[in-house]
2 protein chains.
Amino acid sequence: MDDFIFGTLATDDLRLAHIKARRAGITHNHARTPRDPLPGQPVSLDLTVGPAHLCDQAWIYWTDDGSDPAGEGGVARRGFAAPMEQTGAEWDTLLWGYTRRFRATLPPQPAGTLIRYRIAAAPGVQTPRRNVSTPDDAGVSSATEIFADNGAYYAFYVADDPTPAWAQDAIVYQIFVDRFSLPPSVSSQWGEPEGGRGWTPSDFYGGTLSGITANLDYIASLGANVLWLTPIFPSPSHHGYDAADYFEIEPRLGTKADLRALLDAAHARGIRVLLDFAANHWSSGHATFQDAISNAYSQYREWYNFTRWPEAYESFFGVKSLPQINLRNPAARQHMLDAAACWLDFGVDGYRLDYAIGPTPDFWADFRRVTRQHNPECWTFGEVVEPSDRQLSFEGLLDGCLDFMLLEGFRQAFAFGRWDAHRFADYLDRHEAFFPPSFSRPSFLDNHDMNRFLWAAGGNISRLKLAALCQFTLSGPPVVYYGTEVGLSQERDVRQGTRGIPEESRLPMLWGEAQDTNLLDFYRRLAALRTTHPVLCRGDRRTLYTDDAVLVYVRSDGFSRPAAEAATTSVRSDDLSRLLVGLNLSDTPHTVDLPGAWSSPILATAPGCEFHPDGDHTTLNLPPLAGIVLQP
Amino acid sequence: MDDFIFGTLATDDLRLAHIKARRAGITHNHARTPRDPLPGQPVSLDLTVGPAHLCDQAWIYWTDDGSDPAGEGGVARRGFAAPMEQTGAEWDTLLWGYTRRFRATLPPQPAGTLIRYRIAAAPGVQTPRRNVSTPDDAGVSSATEIFADNGAYYAFYVADDPTPAWAQDAIVYQIFVDRFSLPPSVSSQWGEPEGGRGWTPSDFYGGTLSGITANLDYIASLGANVLWLTPIFPSPSHHGYDAADYFEIEPRLGTKADLRALLDAAHARGIRVLLDFAANHWSSGHATFQDAISNAYSQYREWYNFTRWPEAYESFFGVKSLPQINLRNPAARQHMLDAAACWLDFGVDGYRLDYAIGPTPDFWADFRRVTRQHNPECWTFGEVVEPSDRQLSFEGLLDGCLDFMLLEGFRQAFAFGRWDAHRFADYLDRHEAFFPPSFSRPSFLDNHDMNRFLWAAGGNISRLKLAALCQFTLSGPPVVYYGTEVGLSQERDVRQGTRGIPEESRLPMLWGEAQDTNLLDFYRRLAALRTTHPVLCRGDRRTLYTDDAVLVYVRSDGFSRPAAEAATTSVRSDDLSRLLVGLNLSDTPHTVDLPGAWSSPILATAPGCEFHPDGDHTTLNLPPLAGIVLQP
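### Describing the overall build of chain A
- Of regular secondary structure, chain A possesses 17 helices and 30 strands.
- Scored against the burial criterion, the 632 residues of chain A give a buried share of 61%.
- Considering only contacts in chain A between residues 6 or more positions apart, those separated by 24 or more positions represent 71%.
- Summing over all exposed atoms, chain A offers an accessible surface of approximately 22,500 Å²; the carbon and sulfur share of this is 51%.
- In chain A, which carries 54 positive and 77 negative side-chain charges, the distance between the mean positions of the two groups comes to 3 Å.

Right, dumping it as structure tokens:
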């Protein structure tokens with residue numbers, strides 16, 4: 001875990017505290033079945049009550065008209081209320097006590113319904129508390145009612161709106177806008193800043209939207225069919241995650257006309273465009289915040305969570321310049337939803353949602369409804385730097401989440417060489433078994449918040465190519481962080497930066513002769529492979545062989561189940577939709593003998609990969625850190 | 001937890017290590033559904049495989065004829081084998097990885113079948129490991145197969161043989177035989193030992209079986225209908241848990257004729273008799289052990305688990321004088337089963353099973369079959385000093401377990417006053433919700449392995465009476481440790497003993513004027529209450545009222561479900577089978593107002609308990625640490 005990705009769960013102590021807190025509390029934590037209900041499906045909601053919460057009753061309050069549910073003591077003041085049924089108790093050795101379980105089932109709903117709900121539990125209320133000796137403590141009052149998950153509001157949106165089909169075929173190119181390309185009017189990229197002082201990573205390098213538009217042919221030639229642009233709204237920083245106006249474009253980056261031009265040019269090439277959207281926080285320079293802190297009667301004061309006005313308020317990881325937005329305030333929420341709708345109306349194709357665990361859970365149901373209404377084909381996925389169970393809690397709210405757990409596997413196995421092939425294979429099997437296929441999991445090797453993969457791999461291009469081969473032959477839509485495809489690395493570890501921001505992995509794009517054309521060519525062939533073989537985007541995957549050094553898997557349009565039975569099925573040589581991927585993760589050459597006749601080479605990461613089909617089996621020779629794709 | 005009951009799980013660190021080990025391993029841990037199958041029911045078996053075990057296949061091996069299953073690589077050599085199906089993966093934040101789940105379902109079986117089984121998992125075997133470069137590592141061999149739970153054998157016995165009905169009505173009197181009564185030929189109890197040196201707790205005090213027989217009228221007058229005798233087999237110690245011959249009686253305690261006389265006299269009074277049976281270990285003086293360590297070719301060598309013959313072997317908590325018996329050895333197992341059968345044939349009515357987690361899990365299925373065959377009405381319950389989930393793993397193997405978790409609640413709430421009434425009420429609700437009603441849970445306030453309750457309560461008789469009132473009005477059959485009913489306590493904490501044995505709680509029975517007759521009378525009325533009101537043994541229980549000080553519950557022949565609905569049902573004054581129990585756990589008087597008219601007093605722990613029925617409610621005044629039982 002010295003890769004510093006899951007900071008909030010980096011140590012045993014942090015993990016234990018996390019688990020204890022969850023089990024000890026009054027916890028719903030998105031326990032919905034199904035999480036993404038179709039019209040007409042009832043939805044069950046579960047609650048657990050830790051040993052120290054002496055609650056023996058629980059209720060759900062909900063509305064079906066978008067309003068906030070309200071009520072107390074199990075009686076609705078707005079919307080509906082229903083008691084939850086106790087479904088048992090479970091012993092918890094860690095907490096040394098029993099957790100209670102409750103369940104309630106909400107009735108089926110028609111398409112387009114947004115159910116917003118809260119859950120509350122109360123102690124000692126099997127009968128009214130009519131203690132004569134302490135008459136003040138009478139009845140079930142809101143004072144004795146405890147709302148689950150610290151009062152969280154939840155919601156779900158009932159619709160038959162699966163992830164758009166194009167998203168599963170996506171090859172995403174992530175562009176850090178300030179660092180990708182100067183506008184076409186500038187003759188040479190990345191000149192020196194004024195005064196000859198040299199660049200620092202937090203400088204404005206000058207990349208623009210028009211610079212991207214000018215390089216769409218490059219992007220198209222790479223094979224990417226989706227762009228993800230880091231934030232383009234007005235912002236005082238080079239990264240833009242502290243925007244001050246979600247309805248405008250940062251002038252340094254361009255104009256709405258520039259974005260229009262980019263969208264039109266991209267769409268003309270079959271390339272879709274995603275924006276980066278931070279719903280949790282924005283800049284303290286935002287006009288509403290400035291008004292909220294300078295005017296005690298500001299209409300915007302409730303847009304923020306002031307703990308002591310005006311100086312103390314909730315903010316992103318305590319950074320004062322990034323106030324957290326109170327999305328439970330209807331006006332603030334509507335403002336945010338309007339912003340999301342506005343750019344979809346403008347023509348963008350979806351959103352990468354920054355820090356998606358930040359906003360109140362019910363916001364994402366509103367977000368889904370609004371975004372789908374404004375663009376039924378939009379693709380939305382979250383940045384959720386949390387384990388898989390937390391990621392999956394976004395099912396039904398977003399189309400999916402960036403696959404941070406697979407990222408960890410990629411880096412452990414391919415960049416650091418800490419996991420051998422067998423361990424990676426096993427992890428991959430379990431990881432894929434955990435998620436339903438409908439949950440979109442864009443895969444990536446690195447991004448702007450961590451060391452670039454090539455840096456983490458000690459500059460070893462073979463490791464990068466092998467990892468990329470794996471990434472492009474798994475079902476998650478691959479994301480390529482700008483420059484990775486041409487060997488862009490960094491000069492020092494991101495943790496050696498001076499401002500706690502991983503700026504080192506945001507060096508400017510390499511152009512012209514600075515590019516590693518061999519690597520670029522390999523990436524182009526990877527993208528072409530994926531485009532040519534839809535089985536890589538949509539097929540099943542099964543590990544065919546693994547040992548400590550080598551992992552071989554097959555992608556296919558369908559394996560019969562159960563797996564044990566499928567394992568004995570030999571590969572049919574006439575099945576051209578099958579692809580075999582062989583990866584040697586070790587630094588020594590390896591030869592393995594595989595079932596099936598695999599006779600057609602498709603792609604290799606390096607010369608020296610050899611295969612010898614012989615009757616019903618194939619011998620495969622792989623040089624160190626090399627991989628190959630074969631067809632029957 | 002300074003009561004030192006759950007020593008192996010006494011600290012956070014121990015609990016965490018326990019949980020990590022279970023989740024990290026290849027673990028079945030009695031995960032059977034149902035755990036106590038009826039004839040004709042299929043049985044599902046679950047397996048979890050921790051993140052570090054790279055196993056993607058699992059099998060179950062089983063027999064239906066009592067023999068040991070055998071096989072490898074999923075192929076049976078004796079009995080049957082079947083693959084388990086992968087049923088998913090679960091993220092585990094504590095282990096930071098995925099656990100895999102497997103499941104297999106065994107076919108329905110006729111009554112009287114004993115299914116013995118093992119589960120194994122194997123790594124990387126989706127296809128044969130035909131790695132050409134390392135040909136020695138080929139095929140699925142037993143070397144790569146890992147058996148669940150460190151190789152444990154499991155078994156279950158298919159029968160429709162619920163816990164005998166009389167057990168639910170039992171009032172058990174636990175007699176530590178050496179300390180209860182001298183034989184009737186001795187005129188006065190507990191004279192001084194020879195030499196005038198005074199007693200030490202590990203002396204032989206001289207209690208006998210005939211001494212018990214002589215006092216059966218006392219026991220009958222107490223209202224007990226079951227005796228549990230601590231071990232009576234030949235043994236070098238005062239406690240007998242290190243017996244050397246399971247087919248004889250310790251001469252100090254008496255003869256088979258004395259036991260016959262005791263059984264006859266007890267049965268004539270409607271009192272059943274349970275023996276204490278230690279299947280895990282016996283004395284190093286046992287003839288088979290002496291032969292095993294002195295004769296390298298001993299037929300008994302396999303009756304023990306020698307790690308280095310003859311000096312190193314498995315033993316009870318490492319105590320060399322208590323060698324653990326290898327019950328996987330067929331002859332040793334049969335010897336133990338014969339002993340259990342022999343005393344049932346002799347006339348005893350069941351067993352308290354000492355340290356029931358010690359023997360291999362499959363032994364208890366054999367034990368159940370044999371004991372039920374020799375006495376279909378026998379009652380068996382285990383001493384399992386473990387949390388509730390582990391206790392419940394004995395479902396289907398024994399009739400139940402001594403209720404150690406309720407013991408903890410009794411002592412925390414009533415002896416130490418650490419839990420207030422509300423916390424105890426909540427704990428009780430969850431505890432009862434956790435266990436199926438069919439699982440027998442004898443309740444107790446203390447036993448021979450811990451400080452007596454009265455000592456723990458600082459000698460406060462009110463606390464003891466209140467706890468006993470609660471104990472006798474819950475559904476678990478109450479166990480009274482000899483002397484508790486007459487105020488027997490101790491002179492110092494058990495942990496101040498000199499030999500690591502809690503001898504201090506084994507002082508000799510009080511007789512004659514030494515008895516607290518007020519307390520004895522109270523216990524007699526408690527037993528009469530339970531005998532007169534079967535609803536206390538068999539009825540439902542519902543908390544009617546609780547606050548920090550007072551707990552009130554109702555026992556009834558049946559509450560309508562769900563509980564939320566029942567809570568609004570007023571008590572019908574014409575329902576004489578209902579009993580209300582009110583307990584003031586605080587040291588100040590309290591008045592509470594209760595729904596229903598409760599007009600008939602049945603029993604109170606102290607004077608001063610007042611009740612005032614008034615229309616549809618009743619006002620109840622309880623002095624400090626006092627309790628009352630009322631009828632409508």
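There's plenty left to go through after this.
### Digging into the environment of V75(A)
- One can find V75(A) in strand β6 (residues 75–78).
- Excluding its chain neighbours within four sequence positions, the residues that come into contact with V75(A) are Y61(A), A70(A) and A81(A).

### What about the interface of chain B and chain A?
- Chain B puts 66 residues into the contact, and the matching count from chain A is 66 residues.
- On the chain B side of the contact with chain A, W96(B), Y98(B) and R430(B) bury the most area, a combined 16% of that side's loss.
- Where chain B packs against chain A, one counts six salt bridges.
- Here K20(A) and D12(B) are joined by a salt bridge, their closest N and O atoms 3.0 Å apart.
- Scanning the region where chain B abuts chain A turns up 19 residue pairs in polar contact (both at pLDDT 80 or more).
- Residue composition of the side of chain B that touches chain A, by class: 29 nonpolar, 19 polar and 18 charged.

### Describing the packing of aromatic side chains
- For the structure on display, the rule yields 93 aromatic pairs over all chains.
- Pairing W190(A) with Y205(A) gives two aromatic rings, centres 6.1 Å apart and planes at 70°, and the pair type is edge-to-face. Of the two residues, W190(A) is situated in the loop between β13 (172–175) and α4 (209–214) and Y205(A) in the loop between β13 and α4; the sequence distance between them amounts to 15 residues.
- Of the residues examined, W190(A) reaches a relative accessible area of 14% and is grouped as buried.
- Both rings, one in F472(B) and one in Y523(B), keep their centres 5.9 Å apart while their planes meet at 80°; by these two values the pair is edge-to-face.

### What about the domain arrangement of chain A?
Residue and element names in this part refer to chain A.
- Assigned domains within chain A: domain 1 (12–158), domain 2 (171–191 + 200–277 + 333–532), domain 3 (283–324) and domain 4 (540–631).
- Relative placement of domain 2 and domain 3: their C-alpha centres are 30 Å apart.
- Of the residues lining the interface, nine residues belong to domain 2; the matching set on domain 3 comes to nine residues.
- For the pair domain 2 and domain 3, the summed buried area comes to about 620 Å², and 65% of that belongs to carbon and sulfur atoms.
- When the buried area of domain 2 at its contact with domain 3 is split by residue, A244, H335 and Y355 rank highest and sum to 58% of it.

### Observations concerning the relation of the copies chain B and chain A
- When chain B is fitted onto chain A, the two copies agree to an RMSD of 0.1 Å after a turn of 180° and an axial shift of 0.0 Å. Considering both components of the superposition, the chain copies are consistent with a two-fold axis. Considering only C-alpha atoms, the residue of chain B closest to the rotation axis is L16(B), which sits at 4.3 Å.
- Most of the interface of chain B is mirrored in chain A: 97% of its interface residues are interface residues there too.

### Some thoughts on the pairing of strand β18 (residues 350–354) of chain A
All names here are of chain A.
- Most of β18 sits out of view: five of its five residues are buried.
- By the alternation rule, side chains of β18 split into G350, R352 and D354 and Y351 and L353, which are all buried.
- Examined bridge by bridge, strand β15 (residues 272–278) and β18 share five bridges and lie parallel to one another. Residue L275 lies in a different strand from β18, and its bridge partner there is Y351.
- Across four bridges, β18 lies against strand β19 (residues 379–382) in parallel orientation. The partner of Y351 across the bridge, within β19, is T380.

### Points about the state of the cysteines
- Summed over all chains, the structure comprises zero disulfides over all chains.
- Of all cysteine sulfurs, the one in C470(B) lies closest to C609(B), which takes part in no disulfide; the gap is 15 Å.

### Some words on the sheet that holds strand β20 (residues 400–401) of chain A
- The eight strands lie next to each other as β20-β19-β18-β15-β14-β13-β22-β21 (chain A), forming an open sheet whose pairing is parallel. Looking at strand neighbours, the two that pair on one side only are β20 and β21 (443–444) of chain A, the edges of this open sheet.

### Considerations on the sheet that holds strand β26 (residues 590–595) of chain A
Residue and element names in this part refer to chain A.
- Taking strand neighbours across the sheet as the criterion, the three strands line up as β26-β29-β28 in an open arrangement whose pairing is antiparallel. With partners counted over all chains shown, the strands left at the sheet margins are β26 and β28 (610–614), one partner each. In this sheet, adjacent strand axes meet at a mean angle of 15° when their direction is disregarded.

### A few points about the nonpolar core
- Of all hydrophobic cores here, the largest spans 149 residues; its most connected members are Y173(B), I219(B), L227(B), L229(B), F277(B) and F414(B).
- Contact partners of L229(B), with chain neighbours within four places excluded, come to I175(B), V177(B), L209(B), I212(B), L262(B), V273(B), L274(B), L275(B) and D276(B).
- Grouped together as the second largest cluster of nonpolar side chains are 147 residues, M336(A), F414(A), L585(A) and W91(B) included.

Conventions adopted
- Residues numbered from 1 in each chain as written.
- Chains lettered and ligands numbered in written order.
- Predicted model: local features only at pLDDT ≥ 70, side-chain atom pairs only at ≥ 80, totals over all residues.
- Heavy atoms only, no water.
- Helix = DSSP H or I, 4+ residues; strand = E, 2+ residues; numbered from the N terminus.
- Buried < 20%, exposed > 50% of the residue type's maximum accessible area, 1.4 Å probe, protein only.
- Contact = heavy atoms within 4.5 Å.
- Areas by Shrake-Rupley, 256 points an atom, 1.4 Å probe, with all protein chains shown as cover.
- Lys, Arg positive; Asp, Glu negative; His and termini not counted.
- Charge placed at Lys NZ, Arg CZ, Asp CG, Glu CD.
- Buried area = accessible area lost by both parts, 1.4 Å probe.
- Salt bridge = Lys/Arg side-chain N within 4 Å of Asp/Glu carboxyl O.
- Polar contact = N/O pair within 3.5 Å; in protein donor to acceptor, adjacent residues only side chain to side chain.
- Nonpolar A, V, L, I, M, F, W, Y, C, P; charged D, E, K, R; others polar.
- Phe/Tyr/Trp six-rings, centres within 6.5 Å; stacked < 30°, edge-to-face > 60°.
- Domains from an automatic or database assignment.
- Least-squares fit on C-alpha atoms with pLDDT ≥ 70 in both.
- Pairing = 2+ DSSP bridges.
- Disulfide = S-S within 2.5 Å.
- Axes fitted to C-alpha atoms, helices over the stretch in contact; angles between N-to-C directions.
- Core = buried A, V, L, I, M, F, W, Y, C linked by side-chain atoms within 4.5 Å.

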